[in-house]
Amino acid sequence: MLGWLRRHSGIVPYLFLVPGGLWLIVFFVVPLITTVSVALQEGTLATGFRLTFNFEIFPEAIDRWSTQLVRSLQYGLTVTVLAMLIGYPMAYTIAFRGGRYKNILLLLVIMPFFTSFIIRTISWKFILADQGFLLGTLKDIGILDQGFRLLATPVAVISGITYNFLPFVVLPLYVALERIDPRLIEAATDLYASRLQAFLRVTLPLSISGVFAASLLSFIPAVGDYLNAELLGSRNETMIGNVIQRLFLVNRDYPEAAALSLVLMAGILVSIFLYIRLLRGQELTV
Amino acid sequence: MNDSKRAADPRRSAFLAVGISAVLILSACGIEPGDSPTASSNASAGASPGGGEPVGGGEPSGVLNFTNWPLYIDQDDDGSSPTITEFEDETGIDVTYSEAIQDNTSFFGTIQPQLQAGQDTGHDIIVMTDWMIGNMIELGYLEPINVERDVPNFVEHAADKYQDRSYDPGNQYSVPWQSGITGIGYNPELVDEEITSLDQLFDPEFIQKYCGQIGMFSEMRDSMSLALLYNGVTPAEATIEDVEAAQEVLLEQAECVRGYYGNEYADDFANGSLAITMAWSGDVFQLQLDNPDLQFVVPDEGGILWTDNMAIPKGAEHPNDALAMMNYVYQPEVAAQVAEWVNYITAVPGAQEIVRQHVEEAEAEGDTETADYLTAVAESPLVFPTDDMLSRLYSYKVLSEDEERQWAELFQEVVQG
């Protein structure tokens, strides 16, 4: 075996790809093909589904759920921008000003992950409840109107998603910022750049790969998220994930659910493609 | 063009392989193609599925797999059920009790492939809501039973209205486990008037006062049925035009609805986010133990009485043991023991007297806490409804596949905009 490998050493790199490749085939390619197949079937659960190549389903699904599709992309974009505005200064501070507390600060960023995503979101429900300790108190001392509420508003849903995905933004940004040699910034100031100029012309361009990774890691799951809209929103904040979930599990309309999933994937891919075009010329990988 | 070189390019052949397998998989992975004679012929024949001879009439085998919903049987401190333990001691049947049913449709989805293939599902008793029992009977997925021969306690002790149920005429396939009422719950702290009518849940002008504090259910049958009743339509007789009109009612109401809830409505009702909400009787009973102000009413126009039923899936291995269990729980003592714990409506009216006896026993022992709790159970109209309440209750409609799809599509527009 070893001798054979030595004689055909060219094949070794491909062997290393086998586990990852199998993983992708079993958990990505096969499900994707199944989804395409289901989308093109017609029938009901009790009598079975048959493949009829019903391509009409795609325009129908887009037409019927366009509001929720557009809303999901809007929420995803808002969340990404918000998370970046909050996460970049956090990552910057930890990377450049963290000193010996760096590891503790990073631990604090990851800390929320020690509890489940669902529990964390449900906790927000309690914190933001109309008569809960936050709003209830503010209402009692007269700062807020009695009818004021945060739950079941876009503010609650967008904040919930931002909160949940913030660590995914901070960590890649931190990694990118941490690798920047501080002497480059010193050199910039030595050459009479102001601190703002040094940031805009040295630090920011050098961290752009982190910005890219961080925005993808927040945008993609945010667009497909349904838990925050389910727990913190109402029918007016319904996202496409909620629609797909209900179509699959409640209505058992598998074809339309599968078709919408594919539409969502396509929507995300197009958004990312536009984003890459926007950052054209930047060094995006590290 | 160099054909031999093209064939040798590993990337090209990989793409080719993926392409070919994609086509193969696409054509192979239909979901249980529907040419099974059982499913289609029975669904279209509808009324009288060819059930065959009732199961039972034999000796128990000593094993029983009983599958139920969570928190739906009495439990002592270590989590085991006294009812199950006592049944095991009395009959020598070894019971595996599992709480695997979270909702009707998704559980049905997990056993449907075996049922369609005519295999044992591994469950001897399942507990399903009335409309699902109706669907499963039509599909030929339940074993017929003979209650006169094998469940005599049901014939003797069950209330009259359970002796002939629209979704299972003649009790040929199922007996009730527990029932509950879908009605209106309200919080008098937030509502100035007494709530008695569906107008106060649906009338666009009335609900302006409580806009954003109204709760509805994401369960299509419950919400649709209340809207149908508001329009004066008996749910079981609703036509598709009636349902479209009901959708209009729900859409007009939607801007004031706080949320379309599952079980978690109870949290928002308890914490004061909801002033008026659809509610299930058993939940409100439990909430009242903490906050006695919360109210539950069966509206004047009517509410829904739903029933979860025990049934034996087709091909179950231990039908005699299943029938022994069904018979066992219809003893008033056992029914009382379960009712004291789950607080839903028992099918055995005689259980009320037993709970009252338990109150006296607890008082005699000086255990006032238990006595108070049991008094609440015995005297609550939510656990033992009054005749007046019962006279205003309706059942869900048993929907055909087509109807279910139409209803679901109409309702999804309500819930998700």
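Conventions we followed
Residues numbered from 1 in each chain as written. Chains lettered and ligands numbered in written order. Predicted model: local features only at pLDDT ≥ 70, side-chain atom pairs only at ≥ 80, totals over all residues. Helix = DSSP H or I, 4+ residues; strand = E, 2+ residues; numbered from the N terminus. Buried ≥ 20, exposed ≤ 12 C-beta atoms within 10 Å, placed from the backbone. Contact = placed C-beta atoms within 7 Å. Rg over C-alpha atoms; globule rule 2.2 N^0.38 Å. Axes fitted to C-alpha atoms, helices over the stretch in contact; angles between N-to-C directions. Parallel < 35°, antiparallel > 145°, perpendicular 65-115°, else oblique. Left-handed = near helix turned anticlockwise from the far one by under 90°. pLDDT = per-residue confidence, 0-100. Domains from an automatic or database assignment. Pairing = 2+ DSSP bridges. Core = buried A, V, L, I, M, F, W, Y, C linked by C-beta atoms within 7 Å. Expected span 1.5 Å × (residues − 1). Bend = angle between axes of the 7 residues up to and from the residue.

(A) Examining the overall build of chain B more closely. A tally of helices and strands in chain B yields 20 helices and eleven strands. Residues counted as buried form 45% of the 417 residues belonging to chain B. Nonlocal contacts in chain B, meaning residues at least 24 apart in sequence, comprise 78% of its contacts between residues at least 6 apart.

(B) Structural view of the overall build of chain A. Summing up its helical and strand segments, chain A has 14 helices and two strands in all. Its C-alpha radius of gyration of 24 Å places chain A more than 25% over the 19 Å reference for a compact globule of 286 residues. Projected onto its principal axes, the C-alpha coordinates of chain A cover approximately 80 × 75 × 35 Å. When burial is assessed residue by residue, chain A has 33% of its 286 residues classed as buried.

(C) Representation of the packing of helix α16 (residues 332-342) of chain B against helix α17 (residues 351-364) of chain B in the model. Residue and element names in this part refer to chain B. Running from N to C, α16 and α17 cross one another at 70°; their axes reach a closest spacing of 8 Å. Our classification of the angle between α16 and α17 gives roughly perpendicular. As for the relative orientation of α16 and α17, their crossing is right-handed in sense. Each of P332, E333, A335, A336, A339 and E340 in α16 lies in contact with α17, whose residues at this interface are A351, I354 and V355.

(D) Layout of the confidence of the model for chain A. Across chain A, pLDDT averages 91, with 98% of residues at or above 70. The element-level mean pLDDT for chain A is lowest in helix α1 (residues 2-7) of chain A, coming to 80, with helix α4 (residues 66-97) of chain A highest at 96.

(E) Spatial organisation of the domain arrangement of chain B. Residue and element names in this part refer to chain B. The domains assigned to chain B are domain 1 (63-179 + 306-364) and domain 2 (180-305 + 390-416). Here the C-alpha centroids of domain 1 and domain 2 sit 27 Å apart. Within the residue set of the side of domain 1 that touches domain 2, elements represented by two or more residues are α6 (130-138), β4 (174-186) and β9 (303-311). Broken down by element, the residue count for the side of domain 1 that touches domain 2 peaks at four residues, all from α6.

(F) Main features of the pairing of strand β6 (residues 257-261) of chain B. Residues and elements named next belong to chain B. Along β6, five of the five residues are buried, which leaves the element largely enclosed by surrounding structure. Inspection of the sheet shows strand β5 (residues 214-217) paired to β6 by four bridges, in the parallel sense. When the bridges of β6 are listed, M216 appears paired with Y260.

(G) Quick peek at the nonpolar core. All names here are of chain B. In this structure, A227, M325, M326, A335, A339 and V355 are the most contacted members of the largest nonpolar core, which totals 114 residues. The biggest single contributor to this core is helix α11 (residues 220-230), with seven residues. Taken together, domain 1 (63-179 + 306-364) and domain 2 (180-305 + 390-416) each give at least three residues to this core, which thus spans both. Contacts of A227, omitting those with residues within four sequence positions, involve F202, A246, V249 and L250.

(H) A look at the environment of M265 of chain A. Its location among the elements puts M265 of chain A in helix α14 (residues 254-278). As for M265 of chain A and I220 of chain A, which are separated by 45 residues in sequence, their C-alpha atoms are 9.2 Å apart.

(I) Examining helix α5 (residues 104-117) of chain B more closely. Residue and element names in this part refer to chain B. With 14 residues, α5 extends 20 Å between its outermost C-alpha atoms, agreeing within 8% with the 20 Å of an ideal straight helix rising 1.5 Å per residue. Maximum bend of α5: about 45°, positioned at I111, with proline P113 one to four residues after it. Among all positions of α5, only N104, F108, I111, L115 and Q116 are buried. Two residues or fewer after α5 comes G118, characterised by a positive phi angle close to 75°.

(J) Here's a closer look at the confidence of the model for chain B. Residue and element names in this part refer to chain B. Here chain B shows a mean pLDDT of 88. Residues at 70 or above account for 88%. This model gives residues 33-49 a pLDDT under 50, and the stretch forms 28 contacts once residues within four places in sequence are excluded. Of the two predicted TM-score estimates for the complex, the pTM is 0.78 and the ipTM is 0.78.

(K) Layout of the pairing of β4 of chain B. Residues and elements named next belong to chain B. Taking burial as the measure, the 13 residues of β4 include 13 buried ones, the bulk of the element. Inspection of the sheet shows β4 paired to β9 by eight bridges, in the antiparallel sense. From the neighbouring strand, T182 faces β9, where its bridge partner is I304. Two strands pair when backbone bridges link them, and β4 and strand β7 (residues 276-280) are joined in this way by five bridges, in the antiparallel orientation. Opposite G183, over in β7, you have A279 as the bridge partner. With three bridges joining them, β4 and strand β8 (residues 295-297) adopt antiparallel strand pairing. By the bridge assignment, G185 is partnered in β8 with F296.

(L) Region of the structure containing the environment of I101 of chain B. Residues and elements named next belong to chain B. Tracing the backbone shows I101 in the loop between β2 (94-98) and α5. For I101, a count of 21 C-beta atoms within 10 Å translates into the label buried. C-alpha separation for the pair I101 and I111, spaced ten residues apart in sequence, amounts to 11 Å.

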